[in-house]
Number of protein chains: 2
Amino acid sequence: MSEKVVVIYSGGMDSYTVLNKAVREGHEVYALSFNYGQRHVKELQVAADVCAKLGVAHKVVDISAINQLLSGSSLTDDIDVPEGHYEEESMKSTIVPNRNMILLSLAVGYAVSLKANKVFYGAHSGDHAIYPDCRPEFVKKMDDVCRIANYDAVKIVSPYLNNSKIDILTDGLKMGLDYADTWTCYNGREKACGKCGACQERLEAFELNHATDPLPYE
Amino acid sequence: MSEKVVVIYSGGMDSYTVLNKAVREGHEVYALSFNYGQRHVKELQVAADVCAKLGVAHKVVDISAINQLLSGSSLTDDIDVPEGHYEEESMKSTIVPNRNMILLSLAVGYAVSLKANKVFYGAHSGDHAIYPDCRPEFVKKMDDVCRIANYDAVKIVSPYLNNSKIDILTDGLKMGLDYADTWTCYNGREKACGKCGACQERLEAFELNHATDPLPYE
């Protein structure tokens, strides 16, 4: 059944796959991106281009004013982005306090305004170790509260909640998606660095899918 | 026990009472106000003045950029603020979609940054009829998710959740608080209108407490 849905879409490969999945399921999609002062603001341009190609509505909301509240993450502050494997302790410095609750609560507000009853969100199992707000129990409890917070219930849909990034890529390649239309690197330079945790995780997903990443690397 | 706590503080009489309560309990208080493009932005100036008097840290975060997502409320849009009794159907036009989840998620992010473990929030029973996100089940479920969304649990504290605005005022008068230091009216003019639902509810609370509202009315 075609429904009006909001998709939280960062421009990265996970939410790109979720976005395309929602479009192919025939939904009336409203993509929503956030500028929260991240270094990798480049992904927002990628996101806008993709939405134009797909012909889906796209909003970018600048919430960078909230950074004065959320200090201490290397994604927004002047702390070096750590290199090395994604699950290492150092990746904890990339945590933005309460990020996903903030983004989901805004997306749910948008859904209520649109009279949409679903918010799609690309949480996956690879993030469970580091980010508490990507874990199934978090998504479950957010879904619980989103059902009663407004007159109309909003459901949080996380199609890859129990899949790895490798699985997401497998699914996307099966759909014939072009991952040149995504941006993953935490450093916002012209080419991807290939060294930060996000790049390494991405490259590993391609390798395990016996596929070649179409993005240029430094 | 003195703790570091965040208090969501609008400048209105409910959160003013909660703020003073937290200060008197000996906590290290960080007051947090939001400018979300409300007409009654005057309450933010009142809030700043009160925090200066009390000597508590105060942040005002401008989140008005999110209004492009949250359309349809008379508090932020060009819709007339309804007059008449607070619990009437027409007051539903004052609902900002998912407002309290958004504000609480930001306050919780702030608490995590500060290493504070509590967020005080002035929900009360008078709002239960109109605003789903002021009801005990909402606060309970938000508290559930806030305990697991970050490495450190944050607790939502709503001291007046099951009390009326009349009870809040009773408590505040007992504490000797000066309600001239609050702003309630939904219209942002020099004096309170006395006619909007918020003013009427306020005046009723004073009447039932056999007290006189120190604010000037039009």
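Residues numbered from 1 in each chain as written. Chains lettered and ligands numbered in written order. Predicted model: local features only at pLDDT ≥ 70, side-chain atom pairs only at ≥ 80, totals over all residues. Heavy atoms only, no water.

## Things to note about the environment of Ser158(B)
All names here are of chain B.
- For Ser158, the location among the structural elements is in the loop between strand 5 (155–157) and helix 5 (165–174).
- A relative accessible area of 14% means that Ser158 is categorised as buried.
- With 37 residues separating them in the primary sequence, Ser158 and Tyr121 have C-alpha atoms 5.1 Å apart.
- With residues up to four places along the chain from it excluded, the contact list for Ser158 reads Tyr121 and Val139. (Helix = DSSP H or I, 4+ residues; strand = E, 2+ residues; numbered from the N terminus. Buried < 20%, exposed > 50% of the residue type's maximum accessible area, 1.4 Å probe, protein only. Contact = heavy atoms within 4.5 Å.)

## Some points on the interface of chain A and chain B
- With 42 residues of chain A in contact, the opposing surface of chain B contributes 42 residues.
- Counting the surface lost from both chain A and chain B, the interface buries some 3,400 Å², and carbon and sulfur atoms represent 68% of this.
- Together, Leu69(A), Ile148(A) and Tyr151(A) form the three largest contributors to the area buried by chain A at its contact with chain B, with a combined 21%.
- The interface formed by chain A and chain B contains zero salt bridges.
- The interface formed by chain A and chain B holds eleven residue pairs in polar contact (both at pLDDT 80 or more) in total. (Buried area = accessible area lost by both parts, 1.4 Å probe. Salt bridge = Lys/Arg side-chain N within 4 Å of Asp/Glu carboxyl O. Polar contact = N/O pair within 3.5 Å; in protein donor to acceptor, adjacent residues only side chain to side chain.)

## Observations regarding helix 2 (residues 42–54) of chain A
All names here are of chain A.
- Compared with the 18 Å implied by 1.5 Å per residue over 13 residues, the 19 Å span of helix 2 between its first and last C-alpha is a close match.
- Within helix 2, the full set of buried residues consists of Glu43, Leu44, Val46, Ala47, Val50 and Cys51. With its buried residues spanning 155° around the axis, helix 2 presents them on a single face. Opposite the packed face of helix 2, turned more than 90 degrees from it, sit the exposed residues Ala52 and Lys53.
- Against helix 1 (13–24), strand 2 (28–35) and strand 3 (57–62) lie the buried residues of helix 2.
- Phi turns positive one or two residues past the end of helix 2, at Gly55, with a value near 70°. (Expected span 1.5 Å × (residues − 1). Arc of directions from axis to C-beta.)

## Here we look at the pattern of salt bridges
Residue and element names in this part refer to chain A.
- Tallied over the full model, the rule gives 18 salt bridges over all chains.
- In this structure, the salt-bridge partner of Lys21 is Asp171, at a minimum N-O distance of 3.6 Å. Here Lys21, found in helix 1, pairs with Asp171, found in helix 5 (residues 165–174); they are 150 residues apart in sequence, far enough to count as distant.
- In this structure, the salt-bridge partner of Asp213 is Arg202, at a minimum N-O distance of 2.7 Å. Highlighted residues: Asp213 in the segment after helix 6 (197–208) and Arg202 in helix 6, separated in sequence by eleven residues.

## With respect to the packing of aromatic side chains
All names here are of chain A.
- Summed over all chains, the structure comprises six aromatic pairs over all chains.
- Among the aromatic residues, those joined into a cluster by ring pairs are Tyr16, Tyr179 and Phe206.
- Note that Lys42 overlies the ring of Trp183, its terminal NZ or CZ placed 4.2 Å from the centroid. (Phe/Tyr/Trp six-rings, centres within 6.5 Å; stacked < 30°, edge-to-face > 60°. Lys NZ or Arg CZ within 6 Å of the ring centre and 35° of its normal.)

## Here we look at the relation of the copies chain A and chain B
- Superposing chain A onto chain B takes a rotation of 180° plus a shift of 0.0 Å along the axis, which leaves an RMSD of 0.0 Å. Expressed as an axis order, the relation between the two copies is that of a two-fold axis.
- When you check the interface residues of chain A against chain B, 100% turn up at the interface there too, and the contact is symmetric in its surfaces. (Least-squares fit on C-alpha atoms with pLDDT ≥ 70 in both.)

## Some points on the sheet that holds strand 1 (residues 4–8) of chain A
Residues and elements named next belong to chain A.
- Spatial ordering of the open sheet is given by 3-2-1-4-5, a layout of five strands whose pairing is parallel. Across the chains shown, the open sheet's two edge strands, defined by having one partner strand only, are strand 3 and strand 5 (155–157). This sheet shows a mean twist of 25° between the axes of neighbouring strands, independent of strand direction.
- Bridge count for strand 2 against strand 3 is six bridges, and the pairing is parallel. Within the sheet, the bridge partner assigned to Phe34 lies in strand 3 and is Val61.
- Packing against the sheet, helix 1 makes contact with strand 1, strand 2 and strand 4 (118–120), and its axis sits at approximately 170° to strand 1. (Pairing = 2+ DSSP bridges. Axes fitted to C-alpha atoms, helices over the stretch in contact; angles between N-to-C directions.)

## Some points on the packing of helix 5 of chain A against helix 6 of chain A
Residues and elements named next belong to chain A.
- Helix 6 packs onto helix 5 with a crossing angle of 55° between their chain directions and a minimal axis gap of 9 Å. In terms of their interaxial angle, helix 5 and helix 6 are classed as oblique. The chirality of how helix 5 crosses helix 6 is right-handed. Between helix 5, through Lys165, Ile166 and Leu169, and helix 6, the contact on the second element is made entirely by Glu201, Arg202, Ala205, Phe206 and Leu208.
- When grouped by side-chain class, the residues that make up the contact of helix 5 with helix 6 number five nonpolar, no polar and three charged. (Parallel < 35°, antiparallel > 145°, perpendicular 65-115°, else oblique. Left-handed = near helix turned anticlockwise from the far one by under 90°. Nonpolar A, V, L, I, M, F, W, Y, C, P; charged D, E, K, R; others polar.)

## Brief notes about the sheet that holds strand 3 (residues 57–62) of chain B
All names here are of chain B.
- If you walk across this open sheet you meet the five strands as 3-2-1-4-5, and the pairing is parallel. Edge positions in the sheet fall to strand 3 and strand 5, since each of these pairs with one other strand and no more. Between one strand axis and the next, the sheet turns through 25° on average, direction left out of account.
- The sheet contact formed by strand 1 (residues 4–8) and strand 2 (residues 28–35) spans five bridges and is parallel. What sits directly across from Lys4, in strand 2, is Glu28.
- Against the sheet, helix 3 (residues 99–114) touches strand 1, strand 2, strand 3, strand 4 (118–120) and strand 5, its axis set at about 160° to strand 1.

## As for the state of the cysteines
All names here are of chain A.
- Scanning all chains against the criterion turns up zero disulfides over all chains.
- Looking at the unpaired Cys134, the closest cysteine sulfur is the one in Cys146, lying at 15 Å.
- Judged by its relative accessible area of 7%, Cys134 is buried. (Disulfide = S-S within 2.5 Å.)

Geometry only, nothing functional implied.
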